Amino acid sequence: MTREGFADVRRLTNEALSIDPGFTLAKALGAYIRSLSVSQCWHEPDDIRVAVRMAREVLADARDDPTSLRFAAQVIAYSAKDYETALHTIERSLLLNPNSAQGYTGSGWVNAHSGRSLVAIEHFHRAMRLSPVDPEKGIALSGIGMSYLMLERYEEALAWGERALREMPNYGSSHRVVIMALVKLNRPDEAQAAARRLMEAFPTYTLGLQTQINPWRDKVFAERYVEALGIAGVPA
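Please read all numbers here as calculations on a predicted model, not as lab measurements.

(A) Region of the structure containing the packing of helix 9 (residues 154–167) against helix 10 (residues 172–184). Where helix 9 contacts helix 10, the axes come no closer than 8 Å and their chain directions differ by 150°. Between helix 9 and helix 10, the interaxial angle falls into the category roughly antiparallel. For the element pair helix 9 and helix 10, the recorded crossing hand is left-handed. Residues Y154, A157, L158, G161, E162, A164 and L165 of helix 9 lie in contact with helix 10, whose contacting residues are S174, H175, V177, V178, A181, L182 and K184.

Structure follows, in structure tokens:
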């Protein structure tokens, strides 16, 4: 979970696709890394459009590849905001591989973005039960925190966000979970300190970028999310 790591994935998937343009898994991972790069502020200008195009191509070619479907579903939810397609896709991924921790982590985020917070929490927990020391555990922990924010259960959101940061300090979503929870718990000094830590890690992050990419089906939550980040001092 570093800028250099993301650049390596981008380079290697591009190289794989130059050798074999029909290599669906490489295309799915290439789409996913572009989509996630936007969240991490490590993106290139055309990443959202390219990620969505690649993910839709995967949907046409990978009906029986659960890993490719998992990556595509996350992109379709996050970058295309096509929630029904994303939900159907992640459901098929889990049908094909019901014991995949990574599949359930992906499903957690697809359901969170689609406004299904309780399902999201259940799936994140299932992912961690399947793989307790998984490299993606911090992503699941952050997802639980984000889901509790959506449920307005801010003490729980803060606890999970802090756990997520301990597990994976370079994941931007976890910083934002902590910031919003602290704002909503009326702890302004701590919220401002958390916002400063976010900006030290991701200096190009802005409220404008977050507004542009907001992946939430629940528009009321999306507005509260950006508002809380602004209150804590994230720049416009």
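(B) Up close: empty space enclosed by the protein. Applying the stated criterion to the full structure yields 2 cavities of 30 Å³ or more. Considering only enclosed or pocket space, the largest cavity measures out at about 260 Å³ in volume. Those elements that place two or more of their residues in the lining of the largest cavity are helix 2 (24–40), helix 4 (66–78), helix 6 (101–113), helix 8 (137–150) and helix 10. If one sorts the elements of the lining of the largest cavity by residue count, helix 2 sits on top with 4 residues. For the lining of the largest cavity, the residue count by class is 11 nonpolar, 6 polar and 1 charged. In this model, the second largest cavity occupies a volume close to 50 Å³. Every residue lining the second largest cavity is listed: A101, Q102, T105, A127, M128, S131, D134, E136, K137 and A140. Elements with a minimum of two residues in the lining of the second largest cavity: helix 6, helix 7 (117–130) and helix 8. If one sorts the elements of the lining of the second largest cavity by residue count, helix 6 sits on top with 3 residues. In the lining of the second largest cavity, the residues fall into 4 nonpolar, 3 polar and 3 charged.

(C) Fine view of the packing of helix 4 against helix 5 (residues 83–96). It is the contact of helix 4 with helix 5, at a shortest axis distance of 8 Å, that shows an interaxial angle of 160°. Regarding the angle of helix 4 to helix 5, the classification is roughly antiparallel. The handedness of the crossing between helix 4 and helix 5 is left-handed. On helix 5, the residues that touch P66, L69, R70, A73, I76 and A77 of helix 4 are Y83, T85, A86, T89, I90, R92, S93 and L96. Of the residues contributing to the contact of helix 4 with helix 5, the split by class is 9 nonpolar, 3 polar and 2 charged.

(D) How the structure looks around the nonpolar core. Formed by 77 residues in total, the largest nonpolar core has its most connected members in W109, M146, L149, Y205, W216, F221 and V234. The residues touching L149, leaving out its near neighbours within four places in the chain, are Y154, A157, V177, M180, A181, F221 and R224.

(E) Helix 11 (residues 188–201), seen in detail. Spanning 14 residues, helix 11 covers 20 Å between terminal C-alpha atoms, matching the ideal 20 Å at 1.5 Å per step. Restricting attention to buried positions, one finds in helix 11 the residues A191, A193, A194, A195, L198 and M199. On its buried side, helix 11 packs onto helix 10 and helix 13 (219–232).

(F) Local environment of the environment of V226. On the secondary structure map, V226 appears in helix 13. In this structure V226 comes out as buried when scored by relative accessible area, which is 15%. The sequence separation of V226 and D82 amounts to 144 residues, and the corresponding C-alpha distance is 21 Å. Residues within four places of V226 in sequence aside, it is in contact with L207, Q210, T211 and N214.

(G) Examining the pattern of salt bridges more closely. In the structure shown here, the tally under the stated rule is 14 salt bridges. The residue R153 makes a salt bridge to E156 at a minimum N-O spacing of 2.8 Å. Given the relative accessible area of 35%, R153 is considered partly exposed. Of the charged contacts, one joins R187 and E190 as a salt bridge, the two residues approaching to 2.8 Å between their closest N and O atoms. Residue class for E190 comes out partly exposed when judged on its relative accessible area of 39%. Ionic contacts of the salt-bridge type, sharing partners, join the residues R10, E44 and D47 into one network.

(H) Expanded view of the layout of surface pockets. Here the largest pocket defines a volume of roughly 210 Å³. Contributing to the lining of the largest pocket are 13 residues, with M1, F6, Y32, I33 and L36 lying nearest its centre. If one sorts the elements of the lining of the largest pocket by residue count, helix 2 sits on top with 4 residues. For the lining of the largest pocket, a count of residues per class yields 10 nonpolar, 2 polar and 1 charged.

Procedures and definitions
Residues numbered from 1 in each chain as written. Predicted model: local features only at pLDDT ≥ 70, side-chain atom pairs only at ≥ 80, totals over all residues. Heavy atoms only, no water. Axes fitted to C-alpha atoms, helices over the stretch in contact; angles between N-to-C directions. Helix = DSSP H or I, 4+ residues; strand = E, 2+ residues; numbered from the N terminus. Parallel < 35°, antiparallel > 145°, perpendicular 65-115°, else oblique. Left-handed = near helix turned anticlockwise from the far one by under 90°. Contact = heavy atoms within 4.5 Å. 1 Å grid on protein atoms, 1.4 Å probe; cavity = no way out; pocket = protein on both sides within 12 Å on 5 of 7 lines; lining within 4 Å. Points joined across faces, edges and corners; volume = space filled by probe spheres on them. Nonpolar A, V, L, I, M, F, W, Y, C, P; charged D, E, K, R; others polar. Core = buried A, V, L, I, M, F, W, Y, C linked by side-chain atoms within 4.5 Å. Buried < 20%, exposed > 50% of the residue type's maximum accessible area, 1.4 Å probe, protein only. Expected span 1.5 Å × (residues − 1). Salt bridge = Lys/Arg side-chain N within 4 Å of Asp/Glu carboxyl O.

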